Amino acid sequence: MPAIVVVGIQWGDEGKGKVVDFVAEESDVVVRHQGGNNAGHTVWVEGIKHILHLLPTGVIRRKTCAIGSGVVVDPRVLLSEIEECRAKGIELHPGNLKISRNCHAIFPYHIRIDTLLEKRRGSSAIGTTSRGIGPAYRDKIDRVGIRLGDLATPARFEARLREHLGYINDFLTSFYKEPAIPFEEIYEPYREHGKRIEPFLADVPKFLSEASDLGRKILFEGAQGALLDVDAGTFPYVTSSNTGTGGACTGAGFPPQRINGCLGIVKAYTTRVGAGPFPTELEGEAADRIRNAGPAGEFGATTGRPRRCGWFDGPLVKRTVMVNGASCLAVTRLDVLSEFDSIPIAVKYRIGGEVTEIAPEDLTVLSEVEVVYEELPGWKVDISKVKRWEDLPSQAQGYIRRIEDISGARVVLISVGPNRDETILRAPSVFGAFQDGR
Ligand code: GDP
Ligand code: IMO
Ligand code: MG
């Protein structure tokens, strides 16, 4: 019954897509359990770039995939992603794609409200992806959202939409002085979307339980990152779901005692898209140097925004590794640091008179911390062709060992380029690395 959860350990875009695609080779089932199409997971296979926003990355390796009820699904995006896959020769059908009927749907009014709320926040805007994620989760928690199972049942969909759209239109017209959204504008096209999605709807918890009973290897593909978690992240500059290990249990309907562990994904440095504190952030040319180094620059896979860049932040990683129980780590984009003579790494924070090696629970104070850096020697050679740990320059090995010391986790995978073969595995297999029960 092996099952592991992939969790982004920073602010997202750590390279989860690349690592999930790599680990999918040894997996039987790949599951998305939270977030929505705010995610952008990039995978390069034989010169072709795939960016997946909603479908689990496992579709690329033709693995059976599932979308749990914790995911908010924009039906238009789902259907167009299924079509895009088909155009690439990846056929998705009810046998290999199972979507929970309890997933909440994102409607155009969620996207409109997301944009209006951001405008209203002014200088304290979160910098959301404008995909309607927050408003869709709000409707879910408020118990007024519409689920995919409703969408596929016309009479139920009609009744729920009539009731809910009345409330939404009151809000839009009286609070925002915006035009109301006509019922037919949503009902007609979304009823059609519901019909097309219906064949994929399945009892995902039951499917996963049976797969687990049969000994299938299940890989949970987290989206966003631990610091964007609505509970444990840099609130309010976070997304609206639980991005950590526990999110896999609630978002897929899978029991914690069946999960063997968490594989944390960390970039060799740090990036962030959107607003919020970022202690090791670099400005101007220093940030550009990281942003433009390496084969793919640091620009958002979903919105194309330039990512904010900075050095590796030890106290934050130590905290998110602890919170998520990430006993193993994959370090990505190590090749990007190859051009630096020496590489600063944050090892401690000074907060008031105190020195700490672990970021505090109240992450709003991050904007006030003084970062203590250590300078590690660079390696200054191309490492993108290295296949074995023994062949990495000693300085690159030293950098990885320092990440292990700081985080307390074992680095089992090192990524030195965006392609599948640009990967160094330090264990016989990734699932195998968790078999000792850690
Ligand atoms: P995700 O959201 O965590 O899946 O990450 P993104 O796909 O948004 O961003 C990661 C970017 O880094 C993508 O462009 C990947 O193709 C790329 N990438 C992943 N691993 C590596 C690596 O080891 N080296 C380099 N240079 N690029 C990588
Ligand atoms: P992947 O899965 C990086 C950020 C947004 C914003 C905040 C809230 O590719 O790592 P939202 O639209 O979710 O309400 O925006 O969260 N954000 C991401 N940043 N990678 C992501 O996904 C993100 N998904 C959301 O930039 O700061
Ligand atoms: Mg991304």
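Conventions adopted
Residues numbered from 1 in each chain as written. Chains lettered and ligands numbered in written order. Predicted model: local features only at pLDDT ≥ 70, side-chain atom pairs only at ≥ 80, totals over all residues. Heavy atoms only, no water. Near = heavy atom within 4 Å. Polar contact = N/O pair within 3.5 Å; in protein donor to acceptor, adjacent residues only side chain to side chain. Areas by Shrake-Rupley, 256 points an atom, 1.4 Å probe, with all protein chains shown as cover. 1 Å grid on protein atoms, 1.4 Å probe; cavity = no way out; pocket = protein on both sides within 12 Å on 5 of 7 lines; lining within 4 Å. Sits in = over half its atoms within 2 Å of the grid points. Helix = DSSP H or I, 4+ residues; strand = E, 2+ residues; numbered from the N terminus. Buried < 20%, exposed > 50% of the residue type's maximum accessible area, 1.4 Å probe, protein only. Arc of directions from axis to C-beta. Contact = heavy atoms within 4.5 Å. Phe/Tyr/Trp six-rings, centres within 6.5 Å; stacked < 30°, edge-to-face > 60°. Lys, Arg positive; Asp, Glu negative; His and termini not counted. Salt bridge = Lys/Arg side-chain N within 4 Å of Asp/Glu carboxyl O. Domains from an automatic or database assignment. Buried area = accessible area lost by both parts, 1.4 Å probe. Nonpolar A, V, L, I, M, F, W, Y, C, P; charged D, E, K, R; others polar.

A. Representation of the site of ligand 1 in the model. Neighbouring ligand 1 are 21 residues; Lys16, Thr42, Arg333, Asp335 and Ser415 lie closest to it. Here arginine 307 contributes a side-chain N or O atom positioned 3.0 Å from an oxygen atom of ligand 1. Separating an oxygen atom of ligand 1 from a side-chain N or O atom of serine 415 is a distance of 2.5 Å. In isolation ligand 1 offers 580 Å² of accessible surface; the protein chains occlude 97% of this area. Cavity membership is defined here by more than half of the atoms lying within 2 Å of grid points; on that basis ligand 1 lies in the second largest pocket. Listing elements by their share of the shell around ligand 1, those giving two or more residues are helix H1 (16-24) and strand E3 (41-45).

B. Representation of helix H8 (residues 204-213) within the structure. Those residues of H8 not exposed but buried are Val204, Phe207, Leu208, Ala211 and Ser212. All buried residues of H8 fall inside an arc of 130° around its axis, so they share one side. Close packing links the buried residues of H8 with strand E2 (29-32), strand E5 (64-67), strand E7 (97-100), strand E9 (201-202), strand E10 (218-221) and helix H9 (245-252). A distance of 3.2 Å separates the backbone nitrogen of lysine 206 from a side-chain oxygen at the start of H8, and that oxygen is part of aspartate 203.

C. Spatial organisation of the packing of aromatic side chains. Throughout the structure, instances matching the rule amount to 12 aromatic pairs. Judged by centre distance (5.6 Å) and plane angle (90°), the ring pair of phenylalanine 171 and tyrosine 176 falls under edge-to-face. The class for tyrosine 176 is buried, based on a relative accessible area of 14%. An aromatic cluster is present here, built from Phe107, Tyr109, Phe157, Phe183, Tyr187 and Tyr190 joined pairwise through their rings.

D. Fine view of the side chain of aspartate 139. Tracing the backbone through its elements, the reader meets aspartate 139 in helix H4 (residues 133-141). Among buried charged residues, aspartate 139 stands out as having no salt bridge; its nearest opposite-charge side chain is arginine 138, 5.4 Å away. Residue contacts for aspartate 139: discarding those within four places in its chain leaves Tyr109, His110, Val144, Gly145, His164 and Ile168.

E. Highlighting the domain arrangement of the protein chain. Looking at the protein chain, the domain boundaries give domain 1 (3-76 + 205-435) and domain 2 (104-199). Each side of the interface is counted separately: domain 1 has 24 residues, and domain 2 has 22 residues. Each partner contributes to the roughly 1800 Å² buried at the junction of domain 1 and domain 2, and carbon and sulfur atoms together form 59% of this total. For the pair domain 1 and domain 2, the number of links is 0 salt bridges. Joining domain 1 to domain 2, the criterion identifies 7 residue pairs in polar contact (both at pLDDT 80 or more). Elements with a minimum of two residues in the side of domain 1 that touches domain 2: strand E6 (72-73) and helix H2 (75-87). Among the residues making up the side of domain 1 that touches domain 2, the classes are represented as 8 nonpolar, 13 polar and 3 charged.

F. How the structure looks around the site of ligand 2. In the vicinity of ligand 2 there are 20 residues, among which Asp13, Lys16, His41, Thr129 and Thr239 approach most closely. A distance of 2.9 Å is found between an oxygen atom of ligand 2 and a side-chain nitrogen or oxygen belonging to asparagine 38. Between ligand 2 and the protein, one listed contact pairs an oxygen atom with a side-chain N or O atom of threonine 129 at 2.6 Å. With the chains in place, 98% of the 550 Å² that ligand 2 exposes on its own is no longer accessible. The cavity that encloses ligand 2 is the largest pocket. Of the residues that constitute the shell around ligand 2, the class distribution is 7 nonpolar, 10 polar and 3 charged.

G. Looking closely at the pattern of salt bridges. All told, the structure shown has 30 salt bridges when counted by the stated rule. Between arginine 61 and aspartate 21 there is a salt bridge whose closest N-O contact spans 3.7 Å. Taken as a pair, arginine 61 in the loop between strand E4 (48-52) and E5 and aspartate 21 in helix H1 lie far apart in primary sequence, 40 residues in all. Of the residues examined, aspartate 21 reaches a relative accessible area of 2% and is grouped as buried. Glutamate 118 is paired through a salt bridge with arginine 121; the nearest N and O atoms lie 2.6 Å apart. Separated by 3 residues within a single helix, glutamate 118 and arginine 121 lie in helix H3 (residues 108-121), roughly one turn from each other. For arginine 121, a relative accessible area of 30% corresponds to the partly exposed category. Linked by salt bridges that have partners in common, Asp13, Lys267, Glu298, Arg307 and Arg333 make up one network.

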